[in-house]
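Examining the three-dimensional arrangement
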Amino acid sequence: MDYRKTIRLYYDYVIPCYTRTPLVLERGKGTRVWDAQGDEYLDFFPGWAVSGIGHCHRRVVEAIKRQAEQLIHVSNNYFHELQGLLAQEIIRHAFPGKVFFCNSGAEANEAAFKLVRKLGNPSRYEIITMDRSFHGRTLAAVSATGQTKYQEGFEPLVPGFKSVAWNDLEALERAITPQTIAIVLEPIQGEGGVRVADDRYLSAVRRLCSDRKIYLVFDEVQTGMGRTGRMFCYKNYGLEPDIMTLAKSLGGGFPIGAMVAKREIADALGPGTHAATFGGSPLACAAALATFEAIEKEKLIGNAVIVGSFLFKKLNELKKKHPMIREVRGMGLMAGVELSIDGRGIYEDCLKERLLINCTQGHVLRLMPPLVVKEKEVSRAIQVLDEVMIAVEEKSLTPPPVSSVIGGPIASQS
Ligand SMILES: *Cc1c(COP(=O)(O)O)cnc(C)c1O
């Protein structure tokens, strides 16, 4: 089908709640995707980190095929081998606890909110989150998200949430009340502009939570599964949350979410308290187990560390060269490049050069290549960014054409 027809169908029949780039994708493998015209793109933002181990990873594809022929769905009133095995695998990499399965990041966070509310019921219900956080788009998740742009128009919000300044211990302490039951944060804020939690801040928050019997919840929906050079980002800090949420790359591209809770608190969600019809289906669990297998057998975390440090070295060189780069932030293969200019033009120019990246908060370029990425692909991406930035700088140095000065934008169009 002609790609224009594909786009037309969206305009006619798909609810327009997304800002979409007119790119019709057809096929993917590893760090590459191909559009409907057969053009190849280097993907440094694979499905918002969903395809974290690369597009159509061989092990994930095989696992899905095999399981699809056997049994696709089992209701959660019965048992299936793979759900227990996946829970065990997650716990093996995390902390002693248990897992609730769902289908997305927002749903995993909802499960965390419900668990802590159940634990605090009836007197403690307040959940403190962080400014510029992002926790998903369901009503409770946007209520938790510390950015009004996601909340406007959907009021009244779910009560009991408030957000405080990021990396600011005093602000957090001031916000705690006797009703506070949990603190929720992303160890690295993704959508908020790749803002890394300070070491001392996170340690202090951990102590504060333990002292005040407040549950510490880490939203690792974006930072989990090896992205930051450890299986979960919190491991970079030498501490543990009480609850962790996962989704995005957990299924190697297949939808699955998980809420992981410490053993002592997990059973508070007893029979009948919470559910997700599709949660932890055999197909999703097969995909997630294959993802863990790929990460371990192919030493993808080691690759994330090595290629990640190469990426940051290159980005910091780029920063020395281009004054438009204010700051380079991140960890492992999660990088944010804060610009002094609007980043959307850079995003679009990279797209023209067949490099897919993301721009968040209007001026932070976000690069999260698949864990299988190679140094030469990083070099290629850096080269594209360099050229695109040079072009932008040259344009800003060139005086505008006389016609546009005299006649304004109308005249210059003719
Ligand atoms: C993407 C994201 C979510 C929401 O996940 P969905 O699967 O879209 O519901 C929640 N938290 C973080 C940190 C995310 O990056």
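Scoring rules and cut-offs
Numbering of residues begins from 1 in every chain and follows the order in which that chain's sequence is written. Local features in this predicted model are restricted to residues of pLDDT 70 or higher, and side-chain atom pairs are both shown and tallied only at a pLDDT of 80 or more, whereas totals for entire chains, interfaces and linings draw on every residue. For the side-chain quantities, the full set of heavy atoms in the structure was used; hydrogens and water were omitted. Each helix is a run of H or I in the DSSP string that is no shorter than four residues. Each strand is a run of E no shorter than two, and both are numbered from the N terminus. With the radius of gyration taken over C-alpha atoms, the globule rule is written as 2.2 Å times the number of residues to the power 0.38. Note on exposure labels: buried denotes an accessible area under 20% of the residue type's maximum, exposed denotes more than 50%, and partly exposed covers the range between, all computed with a 1.4 Å probe on protein chains only. In this description, contact between two residues means that some pair of their heavy atoms is separated by no more than 4.5 Å. The Shrake-Rupley method, run with a 1.4 Å probe, gives the accessible areas here. Residue values count only the displayed protein chains as cover. The quantity known as pLDDT measures the predictor's confidence residue by residue, on a range of 0 to 100. Here the rule is simple: two strands pair whenever DSSP picks up at least two bridges between them. For every element, the axis is a line fit to its C-alpha atoms; helices are fit only across the contacting stretch, and the angle between N-to-C directions ranges from 0 to 180 degrees. Boundaries between domains were set according to an automatic or database domain assignment. The term buried area refers to how much accessible surface (probe radius 1.4 Å) is lost by two components on association, counted for both of them together. Salt bridge criterion: a side-chain nitrogen from Lys or Arg within 4 Å of a carboxyl oxygen from Asp or Glu. Polar contact is the term for a pair of N or O atoms within 3.5 Å; when the atoms are in protein, one must be able to donate a hydrogen and the other to accept it, and sequence-neighboring residues count only if both atoms are side-chain atoms. Under the scheme applied, nonpolar residues are Ala, Val, Leu, Ile, Met, Phe, Trp, Tyr, Cys and Pro; charged residues are Asp, Glu, Lys and Arg; polar residues are all the others, including Gly. Nonpolar core, defined: a set of buried Ala, Val, Leu, Ile, Met, Phe, Trp, Tyr and Cys residues in which side-chain atoms within 4.5 Å join the residues together. Each residue is tested against the molecule or strand, and it is near if at least one of its non-hydrogen atoms lies within 4 Å. Aromatic pairs are defined between Phe, Tyr and Trp rings, using the six-membered ring for Trp, whenever the two ring centres lie within 6.5 Å; interplanar angles under 30 degrees are classed as stacked, those over 60 as edge-to-face, and all others as tilted. We call a charge positioned above a ring when the Lys NZ or Arg CZ atom is no farther than 6 Å from the ring centre and deviates by at most 35 degrees from the ring normal.

Considerations on the overall build of the protein
Looking only at helices and strands, the protein has 13 helices and 17 strands in total. Since a compact globule built from 414 residues should have a radius of gyration of about 22 Å, the 22 Å found for the protein is in line with a globular shape. Based on the C-alpha atoms only, the size of the protein along its principal axes is roughly 70 × 55 × 45 Å. When burial is assessed residue by residue, the protein has 51% of its 414 residues classed as buried. For the protein, the proportion of contacts with a sequence separation of at least 24, taken over those separated by at least 6, is 71%. About 20,000 Å² of surface is accessible on the protein, with carbon and sulfur atoms providing 54% of the total.

A few points about the confidence of the model for the protein
Low-pLDDT stretches of the model should not have their predicted coordinates read in fine detail. Summing up the model confidence of the protein, the mean pLDDT is 96 and the portion of residues at 70 or higher is 96%. Segment residues 407-414: pLDDT under 50, and four contacts once partners within four positions in sequence are set aside and those in other chains are kept.

Side note on the sheet that holds strand E16 (residues 358-360)
Strand order in this open sheet of four strands is E13-E14-E17-E16, and the pairing throughout is antiparallel. Here the strands that pair on one side only, and so sit at the sheet edges, are strand E13 (325-331) and E16. Ignoring strand direction, the axes of neighbouring strands in this sheet form an average angle of 25 degrees. Pairing analysis gives four bridges linking strand E14 (residues 334-339) to strand E17 (residues 364-367), with the strands arranged antiparallel. Bridge pairing links glutamate 338 to valine 364 in E17. Contacts between helix H10 (residues 300-321) and the sheet are confined to E13, E14 and E17, with E13 contributing the most and set at about 170 degrees to the helix.

Quick look at the environment of tyrosine 150
For tyrosine 150, the location among the structural elements is in the loop between helix H5 (139-144) and strand E6 (161-164). Owing to a relative accessible area of 11%, tyrosine 150 belongs among the buried residues under this scheme. Separated by 14 residues in the primary sequence, tyrosine 150 and glycine 136 place their C-alpha atoms 9.2 Å from one another. Excluding residues that lie within four positions of it along the chain, tyrosine 150 makes contacts with Phe134, Arg137, Val142, Thr145 and Glu191.

With respect to the domain arrangement of the protein
Under the domain assignment used here, the protein contains domain 1 (3-56 + 299-395) and domain 2 (71-297). Each of domain 1 and domain 2 has a C-alpha centre, and these two points are 26 Å apart. In this assembly, 28 residues from domain 1 lie in contact with 33 residues from domain 2. Summed over both sides, the interface between domain 1 and domain 2 buries roughly 2,300 Å², with carbon and sulfur atoms accounting for 62% of that surface. Where domain 1 packs against domain 2, one counts zero salt bridges. Taken together, domain 1 and domain 2 are joined by 13 residue pairs in polar contact (both at pLDDT 80 or more). If you list the elements that add at least two residues to the side of domain 1 that touches domain 2, you get H10, E13, E14 and E17. Taken together, the residues of the side of domain 1 that touches domain 2 sort by class into 17 nonpolar, seven polar and four charged.

A word on the nonpolar core
One broad rule of soluble globular proteins: the nonpolar side chains tend to lie buried together. With 94 residues, the main nonpolar core has Ile90, Ile183, Leu315, Leu365 and Leu385 as its most contacted residues. When residues of this core are sorted by domain, at least three fall in each of domain 1 (3-56 + 299-395) and domain 2 (71-297). If we skip the residues at most four places from it in the chain, leucine 385 touches Leu315, Leu318, Ile346, Cys350, Ile357, Leu365 and Leu367. Counting 24 residues, the second largest nonpolar core, distinct from the first, contains Ala108, Phe161, Ile181 and Val184.

Notes on the site of the ligand
Around the ligand sit Ser104, Gly105, Ala106, Asn109, Phe134, His135, Gly136, Glu186, Asp219, Val221, Gln222 and Lys248, and those are all the residues in its vicinity. In this structure, a nitrogen atom belonging to the ligand sits 3.2 Å away from a main-chain N or O atom of phenylalanine 134. Between the ligand and glutamine 222, the relevant distance is 2.7 Å, taken from an oxygen atom to a side-chain nitrogen or oxygen of the residue. Burial of the ligand by the surrounding chains reaches 81%, relative to a free accessible area of 380 Å². Sort the elements by how many residues they give to the shell around the ligand and helix H4 (residues 105-120) lands first, with three residues.

So, the pairing of strand E10 (residues 215-219)
Successive residues of a regular strand alternate their side chains across the two faces of the sheet. By the criterion of burial, E10 is predominantly enclosed, with five of the five residues buried. For E10 and strand E11 (residues 243-246), the ladder comprises three bridges, and the chain directions are parallel. If you follow valine 217 over to E11, its bridge partner there is isoleucine 243.

Considerations on unusual backbone geometry
Residue proline 122 is bonded to the preceding asparagine 121 through a cis peptide linkage, with omega at 0 degrees. When you line up the elements, proline 122 lands in the loop between H4 and strand E5 (126-130). A cis geometry characterises the amide bond from glutamate 155 onward to proline 156, with omega recorded as 0 degrees. One non-glycine residue, lysine 248, lies in positive phi territory at about 30 degrees. Considering the arrangement of structural elements, one finds lysine 248 in the loop between E11 and strand E12 (257-262). Owing to a relative accessible area of 22%, lysine 248 belongs among the partly exposed residues under this scheme.

Concerning the environment of phenylalanine 95
Checked against the element boundaries, phenylalanine 95 lands in the loop between helix H3 (81-93) and strand E4 (97-102). Separated by 119 residues in the primary sequence, phenylalanine 95 and isoleucine 214 place their C-alpha atoms 18 Å from one another. Those residues in contact with phenylalanine 95, other than ones at most four positions away along the chain, are Tyr234, Glu240, Pro241, Asp242, Ile243, Met244, Val260, Ala261 and Lys262.

Some points on the packing of aromatic side chains
Counted under the stated rule, the structure contains seven aromatic pairs. With 5.2 Å between their ring centres and 65 degrees between their planes, phenylalanine 134 and tyrosine 150 make a pair best called edge-to-face. Taken as a pair, phenylalanine 134 in the loop between E5 and H5 and tyrosine 150 in the loop between H5 and E6 lie far apart in primary sequence, 16 residues in all. An aromatic cluster is built from Phe95, Phe218, Phe232 and Tyr234, whose rings are joined through pairwise contacts. Between arginine 27 and the ring centre of tryptophan 34, over which it is positioned, the NZ or CZ distance is 4.3 Å.

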